[in-house]
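Chain residues, written in single-letter form:
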Amino acid sequence: MPPELIVDLGRMTMKEVFMIAAPILALAVTVSLLINIVQVLTSLQETTISAVPRLLTVGGAVFVLMPWMWKQMCHFTLQLLSDFHPYIR
């Protein structure tokens, strides 16, 4: 298998991973930012105040987005495994 094909396969895989993880990461960053602003304004520096909402948000996002993520992963896998000709050469 030529090196260009390996690099292209790695690039496609990383693009898919970023596309699947981006919504969850964006929600986690947004919730963290909002909670940190509230903590700064109220001077509450309790670690559970910042950790629990973030965990609940990420868990809820994974629960809600799981069908879409599953569909994306299945589509990528089927596209990858549907044609073996480039990998055999």
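Conventions adopted
- Residues numbered from 1 in each chain as written.
- Predicted model: local features only at pLDDT ≥ 70, side-chain atom pairs only at ≥ 80, totals over all residues.
- Heavy atoms only, no water.
- Helix = DSSP H or I, 4+ residues; strand = E, 2+ residues; numbered from the N terminus.
- Rg over C-alpha atoms; globule rule 2.2 N^0.38 Å.
- Buried < 20%, exposed > 50% of the residue type's maximum accessible area, 1.4 Å probe, protein only.
- Contact = heavy atoms within 4.5 Å.
- Areas by Shrake-Rupley, 256 points an atom, 1.4 Å probe, with all protein chains shown as cover.
- Lys, Arg positive; Asp, Glu negative; His and termini not counted.
- Charge placed at Lys NZ, Arg CZ, Asp CG, Glu CD.
- pLDDT = per-residue confidence, 0-100.

Below, the discussion takes up the overall build of the protein. Helix and strand counts for the protein come out as 3 helices and 0 strands. For a compact globule of 89 residues, the expected C-alpha radius of gyration is about 12 Å, and the protein comes in at 19 Å, more than 25% above that figure. Projecting the C-alpha coordinates of the protein onto the three principal axes gives extents of approximately 65 × 25 × 15 Å. With 89 residues in all, the protein has 16% of them scored as buried. Across the protein, contacts joining residues at least 24 apart in sequence account for 72% of those joining residues at least 6 apart. Accessible surface computed for the protein: about 6900 Å², of which carbon and sulfur atoms make up 76%. Averaged over its 5 positive side-chain charges, the protein has a centre that lies 4 Å from the centre of its 5 negative ones.

We now examine the confidence of the model for the protein. In the predicted model, the protein carries a mean pLDDT of 90, and 99% of its residues have values of at least 70. Model confidence for the protein, summarised as mean pLDDT per element, is weakest for helix α3 (residues 85-88) at 74 and strongest for helix α1 (residues 3-42) at 93.

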